[in-house]
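Chain residues, written in single-letter form:
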Amino acid sequence: MLVAVLSDIHANLAALRAVLDDAGTVDGVRVLGDTVGYGPEPDGVVELLVDRGALAVRGNHDVAAIDGEGIDWFNPNARTAIEWTRRRIVPATRDWLAGLPARFIEAPFTLVHGSPRDPIWEYVTDPEVAAENLPFLATPYCLFGHTHVPIAYRREGRLTRAIGPAPGAPIDLDDRPLLANPGSVGQPRDGDPAASWLLFDSDGPSLTWRRTPYDIGATQAAMRAAGLPAPLIARLERGR
Ligand code: ZN
């Protein structure tokens, strides 16, 4: 069984379409939150995910888009974009976002946006934070997003080490606990503007990072037409 693991799509429909094309005939699509915010096409993205039967959890941008929760923590550009999103989304998009769980368990994985102990808000940015989160995990592995940076953390004896990313090179899942981040589909921040995601293969089992180029210009044009903040438009081509 093959499952595409996506996160932080951020209403970037061109990027999502390219990733789903690249993934081909997978058996499932999972989304680790921040489906909306920043980008120009929240309704189109949710519609396509529903069409593909994707299962998703909620991220901090998703909760802000529903009811403004946490909006005071957003930087000015993110806030402008989320206020635009709140005004714009159709009821079906709002209802889908409002129905997302904060945490989803699908053995052997726990799916969250932020972290096992704080599923919506905490950033897992280094091995120390990853290690602190392992006791909060009820499954062997965790899939998380939020940082927009592809990386994994694995418990090895008494240490927790960062792994990867090495696109195309699978990480074998074994008896060592692991937290893995696919990176961001719609707003990569690791210096590579191509959409970043993970492919889970239950034969193995293994996780493999993938990078998918997409039509960045199309998303930027849609953002300009929507009047979204210029720095958010410019950052897409830098992957920062
Ligand atoms: Zn995000």
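Before reading on, note that the structure itself is shown above.
Bear in mind the structure is a predicted one, so any value in this text is a computation, not a measurement. (Residues numbered from 1 in each chain as written. Predicted model: local features only at pLDDT ≥ 70, side-chain atom pairs only at ≥ 80, totals over all residues. Heavy atoms only, no water.)

A word on the overall build of the chain. Within the chain one finds 8 helices and 12 strands. With the C-alpha coordinates of the chain rotated into their principal frame, the extents come out at 50 × 35 × 30 Å. Counting across all 240 residues of the chain, residues that qualify as buried make up 55%. Carbon and sulfur atoms provide 52% of the accessible area of the chain, an area that totals close to 9800 Å². Both charge centroids of the chain, one from 23 positive and one from 31 negative side chains, sit 4 Å from each other. (Helix = DSSP H or I, 4+ residues; strand = E, 2+ residues; numbered from the N terminus. Buried < 20%, exposed > 50% of the residue type's maximum accessible area, 1.4 Å probe, protein only. Areas by Shrake-Rupley, 256 points an atom, 1.4 Å probe, with all protein chains shown as cover. Lys, Arg positive; Asp, Glu negative; His and termini not counted. Charge placed at Lys NZ, Arg CZ, Asp CG, Glu CD.)

Right, let's get into the sheet that holds strand 12 (residues 206-212). Taken together, 6 strands build an open sheet; the order of strands is 3-2-1-11-12-9 and the sheet is mixed. Either end of the sheet is taken by a strand with one partner, and the two such strands are strand 3 (55-56) and strand 9 (171-172). The pairing of strand 2 (residues 28-31) with strand 3 spans 2 bridges and is parallel. Within strand 3, the residue paired with R30 across the bridge is L55. (Pairing = 2+ DSSP bridges.)

This part is about the pairing of strand 5 (residues 109-112). Residues F109 and L111 of strand 5 are buried on one face, and the alternating residues T110 and V112, pointing to the opposite face, are buried as well. In this structure, the hairpin formed by strand 4 (residues 103-106) and strand 5 is closed by a connection of 2 residues. Here 3 bridges tie strand 5 to strand 6 (residues 141-143), and the two strands are oriented parallel to one another. Counterpart to L111 in the pairing with strand 6 is L143. Between strand 5 and its parallel partner strand 6, the chain crosses via helix 6 (residues 127-133), and the hand of that crossover is right-handed. (Right-handed = clockwise from strand over helix to strand, strands pointing away.)

Turning next to the sheet that holds strand 8 (residues 159-163). Here we have 6 strands laid out as an open sheet, ordered 4-5-6-10-7-8, and mixed in their pairing. Every interior strand has two partners, whereas the edge strands, strand 4 and strand 8, have only one. Each strand axis lies, on average, 20° off the axis of its neighbour in the sheet, ignoring direction. Direction of pairing for strand 4 relative to strand 5: antiparallel, over a ladder of 4 bridges. Residue pairing for strand 5: R103 is matched across the bridge by V112. (Axes fitted to C-alpha atoms, helices over the stretch in contact; angles between N-to-C directions.)

Within the protein, D8 (OD), H10 (NE2), D34 (OD) and H148 (NE2) serve as the donor atoms for the zinc ion, at 2.1 to 2.3 Å. Donor residues binding the zinc ion come from one chain and are separated in sequence as D-x1-H-x23-D-x113-H. Given the relative accessible area of 0%, D8 is considered buried. Owing to a relative accessible area of 1%, H10 belongs among the buried residues under this scheme. (Donors = N, O, S within 2.8 Å, 3.2 Å for Na, K, Ca; no water.)

Looking now at helix 3 (residues 60-67). Counting buried positions along helix 3 gives 7 out of 8 residues, so the element sits mostly inside the fold. Along helix 3, the positions that sit buried rather than exposed are N60, H61, D62, V63, A64, A65 and I66. Next to the buried residues of helix 3 lie helix 4 (76-88) and helix 5 (91-98). Directly beyond the C-terminal end of helix 3, a positive phi value near 80° is found at G68. (Contact = heavy atoms within 4.5 Å.)

Moving on, we get to the packing of helix 7 (residues 216-226) against helix 8 (residues 230-238). For the pair helix 7 and helix 8, interaxial distance at closest approach is 9 Å and the crossing angle is 175°. In terms of orientation, helix 7 lies roughly antiparallel with respect to helix 8. Of the residues in helix 8, those touching helix 7 at I216, T219, Q220, M223 and R224 are L232, I233, A234, L236 and E237. Across the contact of helix 7 with helix 8, the residue classes break down as 6 nonpolar, 2 polar and 2 charged. (Parallel < 35°, antiparallel > 145°, perpendicular 65-115°, else oblique. Nonpolar A, V, L, I, M, F, W, Y, C, P; charged D, E, K, R; others polar.)

Note that every value here comes from positions in space, so none of it alone points to a role or purpose.
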